[in-house]
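Each chain, letter by letter, is given below.
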Amino acid sequence: LVERGNLGQRLQAWIADGGIEMLTSFRTEAVEVKDSGITLKAENGSSQEVDEVIVVTGAKPDLTMLRELRLDIDSSVESTKVLAPMIDPNLHSCGSVPPHGEAELRQPEKNFYIVGNKSYGRAPTFLMMTGYEQVRSVVAALVGDMEAARNVELVLPETGVCKTDNLIADLGDSCCAPTCCS
């Protein structure tokens, strides 16, 4: 997380120094690539000349294969309803997500859980350490050791790199959290 924090700070400095320009909410309709560069044409008729395009669109889980199961999914974050406020990127960074396990991942379908990156739905605040603890807690519950399942003690350091309110001030509406936390 410390190195991710350093990377985020270097990106912020590069933007502040004019080394890179970030375009936000630019809906590209067409891309023209020429020897002289790249032209992005927007839906509204405007265009932008660029040297390079780096697209950060976020992620959305594909829950199609689960449609026959009984699920309790939050409509905005697309995680379990219990977990959603704990991982909401508007409230939490990678390092400020509270410890959670089997109880927060439990679905109405008996013995069914979504763990790992998919458990976070659209939230970009997932870290592998969190996934390992999720799996440990769920497996403990599945084998009947509810005390071990409830004993979730994951503590993550807060680096600030993924904290959306720090980045929104410098980067506009497109926080770089998806790149630092996924």
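The next subject is the nonpolar core. With 15 residues, the main nonpolar core has Val77, Leu83, Ile87, Leu105, Tyr113, Tyr120 and Ala123 as its most contacted residues. Every element with two or more residues in this core is listed here: helix 2 (84–87) and helix 4 (128–142). When neighbours within four sequence positions are excluded, valine 77 is seen to be in contact with Ala84, Ile87, Tyr120, Gly121, Arg122 and Ala123.

Tallying each qualifying case throughout the model produces one aromatic pair. Consider the rings of tyrosine 120 and phenylalanine 126, whose centres lie 5.2 Å apart with planes at 80°: the pair is edge-to-face.

The backbone of glutamate 78 shows a phi angle near 65°, a positive value even though the residue is not glycine. The exposure class of glutamate 78 is buried, given its relative accessible area of 13%.

The next point concerns the pattern of salt bridges. Taken as a whole and assessed by the stated rule, the structure comprises seven salt bridges. Note that arginine 70 and glutamate 109 form a salt bridge whose closest N and O atoms lie 3.5 Å from each other. Placement of arginine 70 in the loop between strand 3 (47–50) and helix 2 and of glutamate 109 in the loop between helix 3 (102–105) and helix 4 is noted, with a sequence separation of 39 residues between them. Residue classification places arginine 70 among the partly exposed residues on the basis of a relative accessible area of 49%. Among the residues examined, glutamate 109 registers a relative accessible area of 21% and is labelled partly exposed. Among the ionic pairs, lysine 81 bridges to aspartate 72, the shortest N-O distance being 3.6 Å. Taken together, the shared-partner salt bridges connect Glu32, Lys34 and Lys41 into one network.

Let us now look at the pairing of strand 2 (residues 37–42). Of all six residues making up strand 2, five are buried, and the element is well covered by its neighbours. Bridge count for strand 1 (residues 28–34) against strand 2 is six bridges, and the pairing is antiparallel. In the sheet register, lysine 34 faces strand 2, and the bridge partner there is glycine 37. The loop that links strand 1 with its antiparallel partner strand 2 comprises two residues. Examined bridge by bridge, strand 2 and strand 3 share four bridges and lie antiparallel to one another. Opposite threonine 39, over in strand 3, you have glutamate 49 as the bridge partner. The antiparallel pairing of strand 2 with strand 3 creates a hairpin that spans four residues between the two strands, and glycine 45 there sits at a positive phi of about 95°.

It is worth spelling out empty space enclosed by the protein at this point. A complete count under the given rule lists one cavity of 30 Å³ or more for this structure. In this structure, the largest cavity encloses a volume near 40 Å³. In terms of lining residues, the largest cavity is bounded by Ile73, Glu78, Ser79, Thr80, Leu83, Leu105, Gln107, Ile114, Lys118 and Ser119. Classifying every residue of the lining of the largest cavity by side-chain character gives four nonpolar, four polar and two charged.

Conventions and cut-offs
- Residues numbered from 1 in each chain as written.
- Predicted model: local features only at pLDDT ≥ 70, side-chain atom pairs only at ≥ 80, totals over all residues.
- Heavy atoms only, no water.
- Core = buried A, V, L, I, M, F, W, Y, C linked by side-chain atoms within 4.5 Å.
- Buried < 20%, exposed > 50% of the residue type's maximum accessible area, 1.4 Å probe, protein only.
- Helix = DSSP H or I, 4+ residues; strand = E, 2+ residues; numbered from the N terminus.
- Contact = heavy atoms within 4.5 Å.
- Phe/Tyr/Trp six-rings, centres within 6.5 Å; stacked < 30°, edge-to-face > 60°.
- Salt bridge = Lys/Arg side-chain N within 4 Å of Asp/Glu carboxyl O.
- Pairing = 2+ DSSP bridges.
- 1 Å grid on protein atoms, 1.4 Å probe; cavity = no way out; pocket = protein on both sides within 12 Å on 5 of 7 lines; lining within 4 Å.
- Points joined across faces, edges and corners; volume = space filled by probe spheres on them.
- Nonpolar A, V, L, I, M, F, W, Y, C, P; charged D, E, K, R; others polar.

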